[in-house]
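Overview (structure and organization)
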Amino acid sequence: MLVNEEIFGSRRAGGRLKLRGSRVLLVGLRGLGAEVAKNLILAGVKGLTLLDHEQVTEESRRAQFLIPVDADGQNQAQASLERAQLLNPMVEVKADTDAVESKPDDFFFQFDAVCLTRCSKDLMVRVDQLCASRNIKVFCGDVYGYHGYMFSDLGQEHHYVEEKPKVVKGSNEANDGPEAKKPKVDPNETTMVKKTISFSSLKEALEVDWTNEKAKSSLKRTPTDYFLLQVLLKFRTDKGRDPQPDSFAEDSQLLLQIRDDVLETMGLSSELLPNTFVSYCFSEMAPVCAVVGGVLGQEIVKALSQRDAPHRNFFFFDGLKGSGVVDYFGSK
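Reading the values: rules and limits
Residue positions within a chain follow its written sequence, with the count starting from 1. In keeping with the model being predicted, local features are shown solely for residues with a pLDDT of at least 70 and side-chain atom pairs are shown and tallied solely at 80 or more, while totals for entire chains, interfaces and linings include all residues. Hydrogens and waters are ignored; side-chain quantities use all the structure's heavy atoms. UniProt positions are given in the numbering used here, feature names are shortened, and annotations may be inferred rather than shown by experiment. Helix and strand definitions here come from DSSP, where helices need a minimum of 4 consecutive H or I residues and strands a minimum of 2 consecutive E residues; each element is numbered from the N-terminal end. In this treatment the radius of gyration is a C-alpha quantity, and the globule benchmark scales as 2.2 Å times the residue count to the 0.38 power. Buried residues are those whose accessible area, probed at 1.4 Å on protein chains only, stays under 20% of the maximum for their type, while exposed residues exceed 50% and partly exposed ones sit between those limits. Residues are treated as being in contact if the distance between any of their heavy atoms lies within 4.5 Å. The accessible surface values rely on the Shrake-Rupley method and a 1.4 Å probe; as for residues, cover is taken only from the protein chains in view. Charge counting treats Lys and Arg as positive and Asp and Glu as negative, with His and both chain ends excluded. We put the charge of a Lys on NZ, of an Arg on CZ, of an Asp on CG and of a Glu on CD. Only the stretch in contact is used when fitting a helix axis, every axis being a line fitted to C-alpha atoms; angles between N-to-C directions are given from 0 to 180 degrees. Two helices cross in a left-handed way if the nearer one is turned anticlockwise from the farther one by less than a right angle. They cross in a right-handed way if the turn is clockwise. Here the nonpolar group is Ala, Val, Leu, Ile, Met, Phe, Trp, Tyr, Cys and Pro; Asp, Glu, Lys and Arg are the charged ones; every other residue, Gly included, is treated as polar. pLDDT expresses how confident the predictor is about each individual residue, on a scale running from 0 to 100.

Going by an unreviewed UniProt entry, the protein chain carries the name SUMO-activating enzyme subunit 1 and comes from Cyprinus carpio carpio. Regarding the protein chain, the relevant UniProt record gives this comment under Subcellular location (unreviewed entry): "Nucleus". Checking UniProt for the protein chain, the heading Subunit (unreviewed entry) contains the comment "Heterodimer of SAE1 and UBA2/SAE2. The heterodimer corresponds to the two domains that are encoded on a single polypeptide chain in ubiquitin-activating enzyme E1. Interacts with UBE2I."

Another point: the overall build of the protein chain. When helices and strands are counted, the protein chain shows 10 helices and 11 strands. Against the globule reference of 20 Å for 332 residues, the protein chain gives a C-alpha radius of gyration of 22 Å, in line with a compact fold. Dimensions of the protein chain along its principal axes, counting C-alpha atoms only, are 80 × 50 × 35 Å. Counting across all 332 residues of the protein chain, residues that qualify as buried make up 48%. Partitioning the contacts of the protein chain with sequence separation of at least 6, the portion at a separation of at least 24 is 67%. For the protein chain, the exposed area adds up to about 16,200 Å²; of that, 50% sits on carbon and sulfur atoms. Where the 42 positive side-chain charges of the protein chain centre and where its 48 negative ones centre are 6 Å apart.

Further remarks concern the packing of helix 8 (residues 224-239) against helix 9 (residues 248-265). Taken N-terminus to C-terminus, the directions of helix 8 and helix 9 make an angle of 115°; their axes are 9 Å apart at the nearest point. Relative to helix 9, helix 8 is oriented so that their crossing is right-handed. In this structure, helix 8 uses Phe227, Gln230, Val231, Leu232, Lys234, Phe235, Asp238 and Lys239 to contact helix 9, whose residues at the interface are Glu250, Asp251, Leu254, Leu255, Ile258, Arg259, Val262 and Leu263. Of the residues assigned to the contact of helix 8 with helix 9, the class counts are 9 nonpolar, 1 polar and 6 charged.

Right, let's talk about the confidence of the model for the protein chain for a bit. Per-chain confidence: the protein chain averages 92 in pLDDT, with 92% of residues scoring 70 or above. The low-confidence segment residues 1-9 (pLDDT under 50) makes 18 contacts with residues lying over four places distant or belonging to another chain.

Given below as structure tokens:
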């Protein structure tokens, strides 16, 4: 395929330079965090800080390929550092063993993008609001059993360029006929188009008013994973942890109760999230981490390089169906 080399070459080089000059904070080094770290390091960001205060356990190693098998009891970020750095010596990889909750506001301002995994709703909202004031891009994600999600907030004005087929003007010669005068798409040549898009804050995205008519009319098209996320974030807030396989019976009942409370607060029926959901949202599954981590890493790279249209603003993956969906929530 032929490309407008002057425009495309400069945009492509500019995208690489932006990515190569970017520093990213990654919070949470379980299965999903490892996938995101791998993708960012291989993509070639300038620096990646791995932040996690938790210790390695047999459970945390199941979907985490950066941690050696003999690292139980070590800090998860520190245990992931050596293998992460070996992926690309050109990237500055650091480990931070502090709890993210203990970090002061200005800690986050040294990064171009912040990716939060395994964090509470309150912390994610706080960091999102902080970063919005400095035009720092924010990403969130988690994997719960067969289900996973990612969220992105790229600010009120995110500028990017997108490659499009070039439109060729029709001929003005009289004997060419009316069809020849119409603009045509040349599939063999492309050009770069500048675009701007706006995003909603995480707080607005999670606090949709489902009682208004517009929201009600879109309810049938809304992925059930959006409501599953609300339930799991509430579980994390109430219990200070995620549902655990070794307390499956107890946690399943608690999930059902939280489901009823959360949906009732939203003014919605609990039937939106069938009881069977509790069987598929325990622990991290490596294949789901790979899919969600691939999408999350891709979106961070796209946002930093300002190349290609970003997902706006949620991506939900359902491992039972083997499919994902992008949907937007929050202020338009």
